[in-house]
Amino acid sequence: MSWGHFQPGDLIFTSGGGHVGMYVGHNRMIHAPHSGTRVRIDKLDAYRRSTFAGAVRPGV
């Protein structure tokens, strides 16, 4: 799946596939930035786009 064609529930892989978040709509994803931190909702910004590795829609 290419950048920008996300639907809520899609899994977004960044940082060469070493990080995953779930798209929640409105150009935002929920994820834990790194081990030991709280889960949060962040915008899909230029950094996320530059490290984008791919996305999948579970169940499809």
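Residues numbered from 1 in each chain as written. Predicted model: local features only at pLDDT ≥ 70, side-chain atom pairs only at ≥ 80, totals over all residues. Heavy atoms only, no water.

*Asks:* Please give an account of the environment of V56 that cites residues and values.
*Replies:* As for its placement among the helices and strands, V56 is situated in strand β5 (residues 52-56). Given a relative accessible area of 40%, V56 falls into the partly exposed group. When neighbours within four sequence positions are excluded, V56 is seen to be in contact with M1, D10, L11 and F13. (Helix = DSSP H or I, 4+ residues; strand = E, 2+ residues; numbered from the N terminus. Buried < 20%, exposed > 50% of the residue type's maximum accessible area, 1.4 Å probe, protein only. Contact = heavy atoms within 4.5 Å.)

*Asks:* Describe the pairing of strand β3 (residues 28-31), listing the residues and the values that go with them.
*Replies:* Where burial is concerned, the two faces of β3 differ: the one with M29 and H31 is buried and the one with R28 and I30 is not. Sheet topology places strand β2 (residues 19-25) next to β3; 3 bridges connect them, and they run antiparallel. Each residue of the ladder has a partner; that of Y23, found in β3, is M29. Connecting β2 to the next strand, β3, in antiparallel fashion are 2 residues, including H26 with a positive phi near 55°. For β3 and strand β4 (residues 40-43), the ladder comprises 4 bridges, and the chain directions are antiparallel. Residue pairing in the sheet places M29 in a bridge with D42 of β4. (Pairing = 2+ DSSP bridges.)

*Asks:* Can you tell me about the side chain of D10, naming the residues and giving the values?
*Replies:* Checked against the element boundaries, D10 lands in the segment before β1 (11-14). Polar side-chain contacts of D10 include one of 2.7 Å to the backbone nitrogen of Q7. Dropping the residues within four chain positions of it, D10 is found in contact with M1, H5, G21, M22, Y23, V56, R57 and P58. (Polar contact = N/O pair within 3.5 Å; in protein donor to acceptor, adjacent residues only side chain to side chain.)

*Asks:* Which residues make up unusual backbone geometry, and what values go with them?
*Replies:* Most peptide bonds are trans, and most residues other than glycine sit at a negative phi. The backbone of H26 sits at a positive phi, close to 55°, despite the residue not being glycine. Along the chain, H26 turns up in the loop between β2 and β3. Its relative accessible area of 75% is what places H26 among the exposed residues.

So far we have only geometry, and geometry alone does not tell us how the molecule works.
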